[in-house]
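A look at the structure
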Amino acid sequence: MSWQDPATETSLEAGFSEVVAAARAGEPDALSQLFRTYQPRLLRYLRAQERVVADDLAADVWLAVAGGLDRFEGGEANFRSWIFTIARFRLIEHRRRRARRRTDPLPTEHLDRVLDQAWDRDPAWLVTEQLGAQEAVSALMADLTEEQAEVVLLRVLGGFDVAEVARIMDRSPGSVRVLCHRALKRLAGRMSEGALAE
């Protein structure tokens, strides 16, 4: 089973070292190229974890990347691992702050959607408006524990192998495999229940 969707797989491959060197030198095109290459997966990962603040968290990740780029060493796989590790730490920090604050702000688009639904209850519109790639990811992750969801997201959206996920999450590879197995078993059960219900 392949964990990476070739249609959404993006990388810099051979030119990675040159792009990073140019980004370190402050060349805007190189920084933009790094952003365009890694932002889509990073944002999907963050939106699946904390939809309301995902864009802000992604911005924090890129600020940290810009500030630490001169200290970064390694290839493209190391870079991906580095930015997802930063993202995970930003998520942990956000959740700690939120737990102390105990409020969950609603995005304005959610309020707009509620008002629109009150005026227009067309089911076709609701399906078209509300279903998309991000909603599909969120729906799939809804039945998983937080750790199971994170493992699956890092494997699928991040494209990391078990050892990399274990390092990012500070867990053993065995526990990552167990979490992944349980998550996939739960998702398979949910999918088969849905198929039987139709």
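Located above this text is the structure these notes cover.
A closer look at the pattern of salt bridges
For the coordinates displayed, the defined rule picks out 8 salt bridges. Among the ionic pairs, glutamate 50 bridges to arginine 98, the shortest N-O distance being 2.7 Å. Of this pair, glutamate 50 sits in the loop between α2 (28-49) and α3 (54-68) while arginine 98 sits in helix α4 (residues 76-101), placing them 48 residues apart in sequence. Owing to a relative accessible area of 25%, arginine 98 belongs among the partly exposed residues under this scheme. Linking arginine 90 and glutamate 93 is a salt bridge whose minimum nitrogen-to-oxygen distance equals 3.7 Å. In this pair, arginine 90 and glutamate 93 are both assigned in helix α4, 3 residues apart and thus about one turn of the helix distant. Exposure remark for glutamate 93: the relative accessible area of 34% places this residue in the partly exposed category.

Details of helix α9 (residues 162-169)
Within α9, 6 of the 8 residues are buried, which leaves the element mostly enclosed by the surrounding structure. Along α9, the residues that are buried comprise Val162, Glu164, Val165, Ala166, Ile168 and Met169. Its side-chain oxygen placed 3.2 Å from the backbone nitrogen of alanine 163, aspartate 161 serves as the N-cap of α9. Residue aspartate 170 follows α9 closely and has a positive phi angle near 60 degrees.

Quick word on the nonpolar core
Ranked by internal contacts, the top residues of the largest apolar core, which has 47 residues, are Leu34, Tyr45, Leu46, Val65, Phe79 and Leu154. Secondary-structure elements contributing two or more residues to this core are α1 (16-24), α2, α3, α4, α8 (146-156), α9 and α10 (173-197). Once residues within four sequence positions are removed from consideration, leucine 46 is found in contact with Arg51, Ala54, Leu57, Ala58, Ala87 and Leu91.

Some remarks on the packing of α8 against α9
Angle between the axes and distance between the axes are the two parameters that describe a pair of packed helices. Close contact between α8 and α9 brings their axes to 10 Å; oriented N to C, the two are set at 130 degrees. Classified by the interaxial angle, the pair formed by α8 and α9 is oblique. Taken as a pair, α8 and α9 cross one another with a handedness that is right-handed. Taken together, the residues of α9 that come into contact with α8 (itself represented by Glu147, Glu150, Val151, Leu154 and Arg155) are Val162, Val165, Ile168 and Met169. Its residues assigned to classes, the contact of α8 with α9 shows 6 nonpolar, no polar and 3 charged.

Digging into the side chain of glutamine 39
Looking at the secondary structure, you find glutamine 39 in helix α2. Within the structure, glutamine 39 has its side chain in polar contact with the side chain of tryptophan 62 (distance 2.6 Å). Apart from residues no more than four positions distant in its own chain, glutamine 39 is found in contact with Ala58 and Trp62.

Topic: α3
Residues lying three or four places apart along an α-helix face the same way, a consequence of the helix completing one turn every 3.6 residues. Between its first and last C-alpha, α3 extends 21 Å over 15 residues, near the 21 Å set by a 1.5 Å rise per residue. Residues Ala54, Leu57, Ala58, Val61, Trp62, Val65 and Gly68 constitute the buried set of α3. With its buried residues spanning 140 degrees around the axis, α3 presents them on a single face. Pointing more than 90 degrees away from the buried face of α3 are the exposed residues Asp56, Leu63 and Ala66.

Side note on unusual backbone geometry
Residues other than glycine seldom take positive phi values, yet aspartate 170 does so here, at roughly 60 degrees. Structurally, the position occupied by aspartate 170 is in the loop between α9 and α10.

Here we look at the packing of aromatic side chains
Within the structure shown, the criterion is met by 9 aromatic pairs. Geometrically, the ring pair formed by phenylalanine 72 and phenylalanine 79 is edge-to-face, given 5.4 Å between the ring centres and 85 degrees between the ring planes. Here phenylalanine 72 matches phenylalanine 79 in class, with each residue buried. Among the aromatic residues, ring-to-ring pairing joins Phe16, Tyr38, Phe72, Phe79 and Trp82 into one connected group.

What counts and what doesn't
- Residues numbered from 1 in each chain as written.
- Predicted model: local features only at pLDDT ≥ 70, side-chain atom pairs only at ≥ 80, totals over all residues.
- Heavy atoms only, no water.
- Salt bridge = Lys/Arg side-chain N within 4 Å of Asp/Glu carboxyl O.
- Helix = DSSP H or I, 4+ residues; strand = E, 2+ residues; numbered from the N terminus.
- Buried < 20%, exposed > 50% of the residue type's maximum accessible area, 1.4 Å probe, protein only.
- Polar contact = N/O pair within 3.5 Å; in protein donor to acceptor, adjacent residues only side chain to side chain.
- Core = buried A, V, L, I, M, F, W, Y, C linked by side-chain atoms within 4.5 Å.
- Contact = heavy atoms within 4.5 Å.
- Axes fitted to C-alpha atoms, helices over the stretch in contact; angles between N-to-C directions.
- Parallel < 35°, antiparallel > 145°, perpendicular 65-115°, else oblique.
- Left-handed = near helix turned anticlockwise from the far one by under 90°.
- Nonpolar A, V, L, I, M, F, W, Y, C, P; charged D, E, K, R; others polar.
- Expected span 1.5 Å × (residues − 1).
- Arc of directions from axis to C-beta.
- Phe/Tyr/Trp six-rings, centres within 6.5 Å; stacked < 30°, edge-to-face > 60°.

Shape descriptors only; they carry no functional weight alone.
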